[in-house]
Amino acid sequence: MKQAELTGQSSRLKMIGVALMLLALTAAAGWGIYAAPAPVVDRMLEADLRKNAMRMSRQLESHLNDLEQTFRFHALTDHDREFLELLPETTDIYRFKLFDASA
């Protein structure tokens, strides 16, 4: 009789332990689903924006006749003006954010 009571108590303790463990795992998984994606997505978006900005920088450097003169003195040739006017239509970058002084 005593053996049956000990087995029943042991079984209940195991069930309570398993239930608490499942509850803790569920809470941890819920927190991970809630908290983890935002920083990961932010890093992915920032990396993508940086890559697009660098590609746009190289594209501008290769297409404008005199890059320094164009941006320092606002002196645009017809070719430069035409190229800059077509940028919003041919790229998916509409707003620029300079990440550092060299763009």
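Residues numbered from 1 in each chain as written. Predicted model: local features only at pLDDT ≥ 70, side-chain atom pairs only at ≥ 80, totals over all residues. Heavy atoms only, no water.

*Asks:* Can you lay out the overall build of the chain for me, pointing to particular residues and giving the numbers?
*Replies:* A tally of helices and strands in the chain yields four helices and zero strands. For the chain, the residues scored as buried account for 12% of the 103 residues in total. For the chain, contacts bridging at least 24 residues in sequence account for 47% of all contacts bridging at least 6. Just so you have it, the chain exposes about 9000 Å², and 64% of that area is on carbon and sulfur atoms. (Helix = DSSP H or I, 4+ residues; strand = E, 2+ residues; numbered from the N terminus. Buried < 20%, exposed > 50% of the residue type's maximum accessible area, 1.4 Å probe, protein only. Contact = heavy atoms within 4.5 Å. Areas by Shrake-Rupley, 256 points an atom, 1.4 Å probe, with all protein chains shown as cover.)

*Asks:* Could you give an account of the nonpolar core, naming the residues involved and the relevant values?
*Replies:* Formed by Met56, Leu60, Leu64, Phe83 and Leu87, the largest nonpolar core amounts to five residues. Contributing elements (two or more residues each) for this core: α2 (37-63) and α4 (78-90). (Core = buried A, V, L, I, M, F, W, Y, C linked by side-chain atoms within 4.5 Å.)

*Asks:* Could you give an account of the environment of Thr91, with specific residues and numbers?
*Replies:* Tracing the sequence through the fold places Thr91 in the segment after α4. Given the relative accessible area of 14%, Thr91 is considered buried. With near-sequence residues (within four places) excluded, Thr91 lies in contact with Met56 and Gln59.

*Asks:* Could you give an account of the packing of α2 against α4, with specific residues and numbers?
*Replies:* The geometry of α2 relative to α4 is characterised by a closest axis approach of 11 Å and an angle of 155 degrees between their N-to-C directions. For the element pair α2 / α4, the angle class is roughly antiparallel. Here the hand of the crossing between α2 and α4 comes out right-handed. Two secondary-structure elements touch here, α2 through Met56, Gln59, Leu60 and His63 and α4 through His79, Asp80, Phe83, Leu84 and Leu87. (Axes fitted to C-alpha atoms, helices over the stretch in contact; angles between N-to-C directions. Parallel < 35°, antiparallel > 145°, perpendicular 65-115°, else oblique. Left-handed = near helix turned anticlockwise from the far one by under 90°.)

*Asks:* With reference to specific residues and values, describe the pattern of salt bridges.
*Replies:* Overall, the coordinates contain four salt bridges when judged by the stated rule. Ionic pairing is found between Asp48 and Lys51, a salt bridge with its closest N-O pair at 4.0 Å. Separated by three residues within a single helix, Asp48 and Lys51 lie in helix α2, roughly one turn from each other. (Salt bridge = Lys/Arg side-chain N within 4 Å of Asp/Glu carboxyl O.)

*Asks:* Describe the side chain of Asn52, with residues and values.
*Replies:* Summarising the element assignment, Asn52 is placed in helix α2. A distance of 3.1 Å separates a polar atom in the side chain of Asn52 from a polar atom in the side chain of Arg55. (Polar contact = N/O pair within 3.5 Å; in protein donor to acceptor, adjacent residues only side chain to side chain.)

*Asks:* Please provide a residue-by-residue account of α2, values included.
*Replies:* Because each turn of an α-helix spans 3.6 residues, side chains separated by three or four positions in sequence point in the same direction. Here α2 spans 39 Å end to end across 27 residues, near enough to the 39 Å set by a 1.5 Å rise per residue. Burial in α2 covers these residues: Asn52, Ala53, Met56, Ser57 and Leu60. Contacts made by the buried residues of α2 are with α3 (67-73) and α4. (Expected span 1.5 Å × (residues − 1).)

*Asks:* Summarise a nonpolar patch on the surface; cite the residues concerned and give the values.
*Replies:* The grouping of Val18, Met21, Leu22 and Leu25 at the surface amounts to a nonpolar patch, some 400 Å² of accessible area in total. Within the fold, Met21 resides in helix α1 (residues 2-35). (Patch = residues over 30% accessible without salt bridge, like charges linked within 9 Å, V, L, I, M, F, W, Y side chains within 5 Å.)

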